[in-house]
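# Survey of secondary and tertiary structure
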Amino acid sequence: QVQLVESGGGLVQAGGSLRLSCAASGRAFSFNVMGWFRQAPGKQRELVARISTWGTTDYADSVKGRFTISRDNAKNTVYLQMNGLKPEDTAVYYCAAQSYGIDRFDYWGQGTQVTVSS
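Report on the accompanying structure. (Residues numbered from 1 in each chain as written. Predicted model: local features only at pLDDT ≥ 70, side-chain atom pairs only at ≥ 80, totals over all residues. Heavy atoms only, no water.)

### Brief notes about the sheet that holds strand β7 (residues 67-72)
Pairing within the open sheet is antiparallel, and its 4 strands lie in the order β1-β3-β8-β7. Pairing within the sheet leaves two strands with one partner each, and these edge strands are β1 (3-7) and β7. Within this sheet the neighbouring strands show an average axis-to-axis angle of 15°, counted without direction. Of the strand pairs in this sheet, β7 and strand β8 (residues 77-82) are connected by 6 bridges, and their pairing is antiparallel. By the bridge assignment, Thr68 is partnered in β8 with Gln81. (Pairing = 2+ DSSP bridges. Helix = DSSP H or I, 4+ residues; strand = E, 2+ residues; numbered from the N terminus. Axes fitted to C-alpha atoms, helices over the stretch in contact; angles between N-to-C directions.)

### Side note on the nonpolar core
Counting 29 residues, the largest nonpolar core has Trp36, Leu80, Met82 and Tyr93 as its most contacted members. At the level of secondary structure, the elements contributing two or more residues to this core comprise β3 (18-25), β4 (33-39), β5 (46-52), β7, β8, β9 (91-98) and β11 (112-117). In contact with Tyr93, not counting residues within four places along its chain, are Glu6, Leu20, Trp36, Phe37, Arg38, Val48, Phe67, Leu80, Met82, Gly111, Thr112 and Val114. (Core = buried A, V, L, I, M, F, W, Y, C linked by side-chain atoms within 4.5 Å. Buried < 20%, exposed > 50% of the residue type's maximum accessible area, 1.4 Å probe, protein only. Contact = heavy atoms within 4.5 Å.)

### Quick word on the side chain of Arg71
With respect to the helices and strands, Arg71 occurs in strand β7. It is Asp72 that comes nearest to the buried, bridge-free Arg71 among opposite-charge side chains, at 8.1 Å. Of note is the side chain of Arg71, whose polar atom sits 3.1 Å from the backbone oxygen of Ile51. In contact with Arg71, other than residues within four places in its own chain, are Ser30, Phe31, Asn32, Val33, Met34, Ile51, Ser52, Thr53, Thr77, Val78 and Tyr79. (Lys, Arg positive; Asp, Glu negative; His and termini not counted. Salt bridge = Lys/Arg side-chain N within 4 Å of Asp/Glu carboxyl O. Polar contact = N/O pair within 3.5 Å; in protein donor to acceptor, adjacent residues only side chain to side chain.)

### Quick word on the environment of Ile102
Relative to the helices and strands, Ile102 is located in the loop between β9 and β10 (107-108). You can call Ile102 partly exposed: its relative accessible area is 32%. For Ile102 and Asn32, which are 70 residues apart along the polypeptide, the C-alpha to C-alpha distance reads 8.8 Å.

### As for the packing of aromatic side chains
Under the criterion given, the structure shown has 4 aromatic pairs. One aromatic cluster is present, built from ring pairs that chain together Phe37, Phe105 and Trp108. Positioned over the ring face of Tyr79 is Arg19, at 4.1 Å from the centre of the ring. (Phe/Tyr/Trp six-rings, centres within 6.5 Å; stacked < 30°, edge-to-face > 60°. Lys NZ or Arg CZ within 6 Å of the ring centre and 35° of its normal.)

### What to know about the pairing of β11
Side chains Thr112, Val114 and Val116 project from β11 onto a buried face, and the interleaved Gln113, Thr115 and Ser117 project onto a face without burial. Both strand β2 (residues 10-13) and β11 contribute to a ladder of 4 bridges, which runs parallel. When the bridges of β11 are listed, Val12 appears paired with Val116. Looking at chain direction, β9 and β11 are connected through 3 bridges and run antiparallel. Bridged to Val92 within β11 is Gln113.

Next comes the structure, spelled out in structure tokens:
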């Protein structure tokens, strides 16, 4: 059974940094696309960043220049380095993975809370 396990969330002051990690287990081969989503209270879940097997990245406009997504295919792990955090970045962050041949993210982590104080 495939599991995505996030770690690295927490409380940080505005301007600070956090690094999220997401390790996928239960699968011998890597996923096509891995990504990070977030959901703030009262808001819809939104895509933060995604990265393909070959390293092609895509970011939400709100995080460009501050967040960096990366992955280690050998470890089936994706990272999100978050710098210059703002209070509006406060949300539950979810890791997601898209299998080859599937046109949507078909596996999700349980989420990790990121809180940015002003």
